[in-house]
Amino acid sequence: LFMIFFSNNSKSSENLSMFEQTYEKTSGPDIASVLSEYSKDALYKSGTYNSGIFTLFDKDYAEKISVEGFRFLIGNDDYVPFGMTALGDLFLLRKKDKEIFILETQLLSFTSPEVTIDGFFNNFLVNKGVIEDVLNRDYANSIYSHLQKLPEYPKCYIPQPYLFLGGKDIPSNYILGDFAVYMELVSQTLLQNPSLMVRGNTDE
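Residues numbered from 1 in each chain as written. Predicted model: local features only at pLDDT ≥ 70, side-chain atom pairs only at ≥ 80, totals over all residues. Heavy atoms only, no water.

Caption draft 1: Summary view of the overall build of the protein. Scanning the protein from terminus to terminus reveals seven helices and nine strands. With the C-alpha coordinates aligned to their principal axes, the bounding extent of the protein is approximately 55 × 40 × 30 Å. Expressed as a percentage of the 204 residues in the protein, the buried residues total 50%. For the protein, the proportion of contacts with a sequence separation of at least 24, taken over those separated by at least 6, is 61%. (Helix = DSSP H or I, 4+ residues; strand = E, 2+ residues; numbered from the N terminus. Buried < 20%, exposed > 50% of the residue type's maximum accessible area, 1.4 Å probe, protein only. Contact = heavy atoms within 4.5 Å.)

This is the structure:
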């Protein structure tokens, strides 16, 4: 498997958080993540981790990400896009209460894992069920077996055509692309097709 899940014993646990014991940065700038401005529990460097299974954005890149086409799901609150999965699902922090949400960009779903920022890193992301079902590690590996390309910072795997437009969800239908560009294109597609803005689930 190209995305390695480190067991809690694979590194010395001395002075390391659960996140640091489980994830290793594999690409990206050597600067703080956008979340460092919002919590002392998120002082992790921006970049991709474990070959791209999870990506943490820096502030400048986060500001490039548009969610305007998803307002029908997320409402009008202010959010900080702070991370993504290899398959381009977006993690958002709601500014007013620091609640975390998951925006599934192809399923048009918006839900909250109901965790604190610290809990997101040190409980949620290290949970094996989350790694399989939310980060979709095994499916990302299947896509890699076709593309032979890793989603290095700040790229993700993108289905062609989009699933919400009837695309078939098979590994051979994915390409690798810049996440901010992808989000802008998805937003434009949704805004141009109002009939799509009734699908999915929301916790907002």
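Caption draft 2: Up close: unusual backbone geometry. Of the consecutive residues Tyr153 and Pro154, the connecting peptide bond is found in the cis state with omega at -5 degrees. Locating Pro154 in the fold gives a position in the loop between helix H6 (137-147) and strand S8 (155-159). Phi is positive for Asn50, which is not a glycine, with a value near 50 degrees. In this fold, Asn50 is placed in the loop between strand S2 (47-49) and strand S3 (54-56). Positive phi is not limited to glycine here, since Asn136 has a value of about 55 degrees. Within the secondary structure layout, Asn136 lies in the loop between helix H5 (128-133) and H6.

Caption draft 3: Fine view of the layout of surface pockets. By volume, the largest pocket amounts to about 240 Å³. Lining the largest pocket are 15 residues, and of these Glu63, Tyr79, Val80, Pro81 and Lys95 sit closest to its centre. Those elements that place two or more of their residues in the lining of the largest pocket are helix H2 (59-62) and strand S4 (79-85). Of all the elements, S4 adds the most residues to the lining of the largest pocket, at three residues. A breakdown of the residues in the lining of the largest pocket according to their chemical character gives eight nonpolar, no polar and seven charged. When its volume is computed, the second largest pocket comes out at roughly 180 Å³. Leu87, Asp89, Glu104, Thr105, Gln106, Leu107, Asn136, Tyr139, Pro159, Leu163, Asp169 and Tyr174 are the residues that line the second largest pocket. Of the residues that constitute the lining of the second largest pocket, the class distribution is six nonpolar, three polar and three charged. (1 Å grid on protein atoms, 1.4 Å probe; cavity = no way out; pocket = protein on both sides within 12 Å on 5 of 7 lines; lining within 4 Å. Points joined across faces, edges and corners; volume = space filled by probe spheres on them. Nonpolar A, V, L, I, M, F, W, Y, C, P; charged D, E, K, R; others polar.)

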